[in-house]
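One-letter residues, chain by chain:
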Amino acid sequence: MPGIDTSRPFIKVRIAVLTVSDSRTIAEDRSGQTLVDRLEAAGHILADRRIVKDEISGIQKIANQWVADTDVDVVISTGGTGVTGRDVTPEAFAGLYEKEIPGFGELFRMLSYQKIGTSTIQSRASAGVAQGTYLFALPGSTGAVKDAWDDILIHQLDYRFMPCNFVELFDRLQEHKKRSKG
């Protein structure tokens, strides 16, 4: 049965939050603030927080900065995952992924379906790994952010969660670069 193994220590994860929006400011960013509140309440560290317009180059520029920063373990974005012409977060992140985590989007939509029905099909939530950093692209609604955090990320970003979690894999995410050449 999955759950918390209290014999394992809690490990704080350093998380950067990126809101993708053409119109929001930090003061108006309820989804981003919801993520910040939840990650801090869980005991994690807010490494950085920014807002960027719905443009692939801008999203990738900030994400690349965070991926290169050893003080950032995880990037979580909110917004830009729909199907309109301005929704480009999945494409921006896909251009950075070394490995995609397709199960994240699948699980998110399955859980979301229980709450909003077939409307969940419009979400292109995604996840992957880039240079040892996890990237998660969430929809921009506060409800979707709550669902992704409360039902998936709070568990997968907790080292104590068993039978497995993303935290215990941090040291192995770049092992392909350590292999001997030849």
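What counts as what
Residues numbered from 1 in each chain as written. Predicted model: local features only at pLDDT ≥ 70, side-chain atom pairs only at ≥ 80, totals over all residues. Heavy atoms only, no water. Pairing = 2+ DSSP bridges. Helix = DSSP H or I, 4+ residues; strand = E, 2+ residues; numbered from the N terminus. Contact = heavy atoms within 4.5 Å. Axes fitted to C-alpha atoms, helices over the stretch in contact; angles between N-to-C directions. Phe/Tyr/Trp six-rings, centres within 6.5 Å; stacked < 30°, edge-to-face > 60°. Buried < 20%, exposed > 50% of the residue type's maximum accessible area, 1.4 Å probe, protein only. Lys NZ or Arg CZ within 6 Å of the ring centre and 35° of its normal. Left-handed = near helix turned anticlockwise from the far one by under 90°. Nonpolar A, V, L, I, M, F, W, Y, C, P; charged D, E, K, R; others polar. Expected span 1.5 Å × (residues − 1). Arc of directions from axis to C-beta. Core = buried A, V, L, I, M, F, W, Y, C linked by side-chain atoms within 4.5 Å.

(A) Spotlight on the sheet that holds strand β4 (residues 74–78). Here six strands make up an open sheet; going across it, the order is β3-β2-β4-β7-β6-β5 and the pairing mixed. Two strands lie at the open edges of the sheet, namely β3 (45–52) and β5 (99–100), each paired on one side alone. Two strands pair when backbone bridges link them, and strand β2 (residues 14–20) and β3 are joined in this way by seven bridges, in the parallel orientation. The partner of Ile 15 across the bridge, within β3, is Leu 46. Its contacts with the sheet place helix α1 (residues 30–41) against β2, β3, β4 and β7 (133–138), and it is angled at close to 175 degrees to β3. Running over the sheet, helix α5 (residues 142–156) touches β2, β4 and β7 and is turned about 140 degrees from β7.

(B) Spotlight on the packing of aromatic side chains. Applying the stated criterion across every chain yields a total of six aromatic pairs. Arranged with centres 4.7 Å apart and planes meeting at 40 degrees, the rings of Tyr 134 and Phe 166 form a pair that is tilted. With Tyr 134 in strand β7 and Phe 166 in the segment after β8 (161–162), this residue pair connects regions lying 32 residues apart in the sequence. Of the two residues, Tyr 134 and Phe 166, both sit in the buried class. A cation sits over an aromatic face here: Arg 8 above Tyr 159, 3.8 Å from the ring centre.

(C) Region of interest: the packing of helix α4 (residues 102–116) against α5. Between α4 and α5, the least distance of the axes is 10 Å, while the angle of their chain directions is 115 degrees. In this structure, α4 meets α5 at a crossing whose hand is right-handed. Between α4 and α5, the residues in contact are Phe 104, Leu 107, Phe 108, Leu 111 and Lys 115 and Ala 144, Asp 147, Ala 148, Asp 151, Ile 152 and Leu 153, respectively. Of the residues that constitute the contact of α4 with α5, the class distribution is eight nonpolar, no polar and three charged.

(D) Main features of α4. Helix length check: α4, at 15 residues, gives a terminal C-alpha distance of 21 Å against a target of 21 Å (1.5 Å per residue), a fit within 8%. By the burial criterion, the buried members of α4 are Phe 104, Gly 105, Phe 108, Leu 111 and Ser 112. Along α4, the residues classed as buried sweep out an arc of 135 degrees about the axis, all on the same side. Among the exposed residues of α4, those oriented more than 90 degrees off its buried face are Glu 106 and Gln 114. Those residues of α4 that are buried lie in contact with β6 (126–130), β7 and α5. Remark: Gly 117 follows α4 within two positions and exhibits a positive phi of approximately 65 degrees.

(E) Layout of the side chain of Thr 142. Tracing the sequence through the fold places Thr 142 in helix α5. Ignoring anything within four residues of it in the chain, the contact list for Thr 142 reads Arg 30, Ser 31 and Thr 34.

(F) Representation of the nonpolar core in the model. In this structure, Ile 15, Ile 76, Phe 104 and Phe 136 are the most contacted members of the largest nonpolar core, which totals 28 residues. Of all the secondary-structure elements, those providing two or more residues to this core are β2, α1, β4, α4, β6, β7 and α5. Looking at this core element by element, the count peaks at six residues for α5. Here Phe 104 is in contact with Ala 125, Ser 126, Ala 127, Phe 136, Ala 137, Leu 138, Ala 148, Ile 152 and Leu 153, once residues within four sequence places are set aside. One finds Leu 18, Ala 130, Leu 135 and Ala 137 within the second-largest nonpolar core, a separate group that totals 19 residues.

Function cannot be read off these values alone, since they describe shape.
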